[in-house]
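A structural walkthrough
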Amino acid sequence: MRKWKFNEQLLQETICIGKYYLEHNDLTSQEKAEIKSDISRFKRFINGDFETTSTYRHLSLPMIKKSVLASMKKYRRLFNREFREWLINLQQSNIFRYGQYIPRFKLSIDTMADETLTLYGNQAPHFFLQAEALLSEKISLIHYTKTDSSSFCFYSSLLDLPMIIINSKDDASVLTHEIQHGIEYLKDIPTHIFYHELGPIYFELIFSDQTFKSYGKKALATPLERIQDTEDFLKILKVYVYCLSVFEKFDFDIDDELFLNTFSDITGIYGEELLELLTEEFTNPEISESLGYLFSFLKAIEIRDMLKQNDLNGILIFNQLLFSKKFKFVPPPTLEPYKRFVKEMKQKVK
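Residue numbers run consecutively from 1 along every chain, following the written order of its sequence. Local features in this predicted model are restricted to residues whose pLDDT is 70 or higher, and side-chain atom pairs enter the listing and the counts only when it is 80 or higher, whereas totals over whole chains, interfaces and linings include all residues. The side-chain values count all of the structure's non-hydrogen atoms but skip hydrogen atoms and water molecules.

1. Concerning the overall build of the chain
What the chain contains, in helices and strands, is 14 helices and three strands. This radius of gyration counts C-alpha atoms alone. The globule rule is 2.2 Å times how many residues there are, raised to the power 0.38. Computed over its C-alpha atoms, the radius of gyration of the chain comes to 22 Å, within 12% of the 20 Å expected for a compact globule of 350 residues. Dimensions of the chain, computed from the C-alpha atoms along their principal axes, are close to 60 × 55 × 35 Å. Think of it in three bands: residues with accessible area under 20% of the maximum for their type are buried, residues over 50% are exposed, and the middle band is partly exposed, with areas taken using a 1.4 Å probe on protein chains only. The proportion of buried residues among the 350 residues of the chain is 49%. Pairs at least 24 residues apart make up 74% of the contacts formed inside the chain by residues separated by at least 6 positions. Only four residue types enter the charge count: Lys and Arg as positive, Asp and Glu as negative, with His and the chain ends excluded. To locate a charge, the coordinates of NZ of Lys, CZ of Arg, CG of Asp or CD of Glu are taken. Between the averaged position of the 44 positive side-chain charges in the chain and that of its 49 negative side-chain charges there is a distance of 4 Å. For the purposes of this entry, the term helix denotes a DSSP run of H or I that reaches at least four residues, the term strand denotes a run of E that reaches at least two, and both are numbered from the N terminus. Contacts were defined at the residue level, with two residues in contact if any of their heavy atoms lie within 4.5 Å.

See below:
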């Protein structure tokens, strides 16, 4: 059996077990859905299909409006006036702006695994055993292949284990990123949705720091991409916060005209193009996912900055955010941690 490949026999046996459970066990609707999802996914894996299953959503205006307003009602308390002003100020600071393209950093999967274990051994020994287990050839929980989808980690309810697909075209830091997701599945860490990417992005940054010492500036492709993504996320958030501020004045009881005109006023986009933008960026789960990547990256930068300055409170903050289902974002006193990070990355790739 080749290394970095799922055990096909195990997948076949798991499918049979899943079918048995469906036929003979008294299951909840959620349990049935999870088992059916595993069976479908494992059948695709056996057939050589390792793509994520995503479909284009063509939503009508009523569906878009309902989804957007529902998320705003849910998140309005998180975005109090002071926090909204801080976020707008961050967006207008133009800190996260980097237009230079850096090719993806490539390493062999074995080297990626060795670097990842070294990272956990040195930086997070409390996660080392889980990382070692996930990377074990005997368990075969990682499949390395060429796909059109990005790498991903998912939890199998039938196996009660995380499994990882690594796209061979992705950046070398992706294995560390997905391993951290797997570790958090194994340890059943109750992280808030807006910090679901905190651990993976933080260790991804540490991986880049570690490999920079041996491979130079090409190891910084992912953090530089994160910088540009953050500028894009902040632009989306600016629109979201502005529209939320308008809609809550009407207690979110607004007609279609006001809904569309408010978004058009700030984006300059109209008609079908606006509906497409709203569907792709502002409905759930899209907006929640964008906010999650944004807040996770910002906090990962802050924590890394604190530890670089030998401030061990960074570890405390990391654990407080990672092991909590509540969302709490305390902005730093100044924007200097973000400025230092972006400046450091830019200087390193000169």
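Having seen it, we continue.
2. A few points about the sheet that holds strand S1 (residues 142-145)
Here the rule is simple: two strands pair whenever DSSP picks up at least two bridges between them. Spatially, S1-S3-S2 is the arrangement adopted by the three strands of the open sheet, whose pairing is mixed. If you trace the sheet from one side to the other, it starts and ends with S1 and strand S2 (152-156), each paired once. Between one strand axis and the next, the sheet turns by 20 degrees as a mean value, whatever way the strands run. Pairing of S2 with strand S3 (residues 161-167), which is carried by five bridges, proceeds in the antiparallel orientation. Paired with tyrosine 155 across the bridge in S3 is proline 162. Those strands touched by helix H7 (residues 174-186) are S1, S2 and S3, and its axis lies near 170 degrees from that of S3. Every axis in this analysis is a line fitted to C-alpha atoms, fitted for helices over the stretch in contact. Angles between the N-to-C directions lie between 0 and 180 degrees.

3. Some remarks on the pattern of salt bridges
For this analysis, a salt bridge means a side-chain nitrogen from Lys or Arg found within 4 Å of a carboxyl oxygen belonging to Asp or Glu. Following the criterion strictly, the structure yields 18 salt bridges and no others. One salt bridge connects aspartate 148 with lysine 169, and the closest N-O pair in it is separated by 3.5 Å. You can see aspartate 148 sitting in the loop between S1 and S2 and its partner lysine 169 sitting in the loop between S3 and H7, a full 21 residues away along the chain. For aspartate 148, a relative accessible area of 69% corresponds to the exposed category. Lysine 169 sits in the partly exposed class, given a relative accessible area of 34%. Arginine 340 serves as the salt-bridge partner of aspartate 305, at 2.8 Å between the closest nitrogen and oxygen. With aspartate 305 in helix H12 (residues 286-308) and arginine 340 in helix H14 (residues 336-348), the pair connects residues that are 35 residues apart, well separated along the chain. A relative accessible area of 36% means that arginine 340 is categorised as partly exposed. Here the salt bridges share partners, and the residues they tie into one network are Asp209, Arg304, Lys308, Glu344 and Lys348.

4. Some details on the nonpolar core
One finds Phe79, Phe96, Phe263 and Phe295 to be the most contacted residues of the largest nonpolar core, which totals 107 residues. At 13 residues, the largest contribution of residues to this core is made by helix H9 (residues 221-247). Nonpolar core, defined: a set of buried Ala, Val, Leu, Ile, Met, Phe, Trp, Tyr and Cys residues in which side-chain atoms within 4.5 Å join the residues together.

5. Brief notes about the environment of serine 149
Within the fold, serine 149 resides in the loop between S1 and S2. In this structure, the C-alpha to C-alpha distance between serine 149 and threonine 53, residues 96 residues apart in sequence, is 9.1 Å. Discounting chain neighbours no more than four positions away, the residues touching serine 149 are Glu51, Thr52 and Asn167. Here a polar contact is taken to be a pair of N or O atoms separated by no more than 3.5 Å, where protein atoms must pair a possible hydrogen donor with a possible acceptor and residues adjacent in sequence count only if both atoms sit in side chains. A polar atom in the side chain of serine 149 sits 2.7 Å from the side chain of glutamate 51.

So, to be careful, I would describe these as geometric facts and stop short of saying anything about function.
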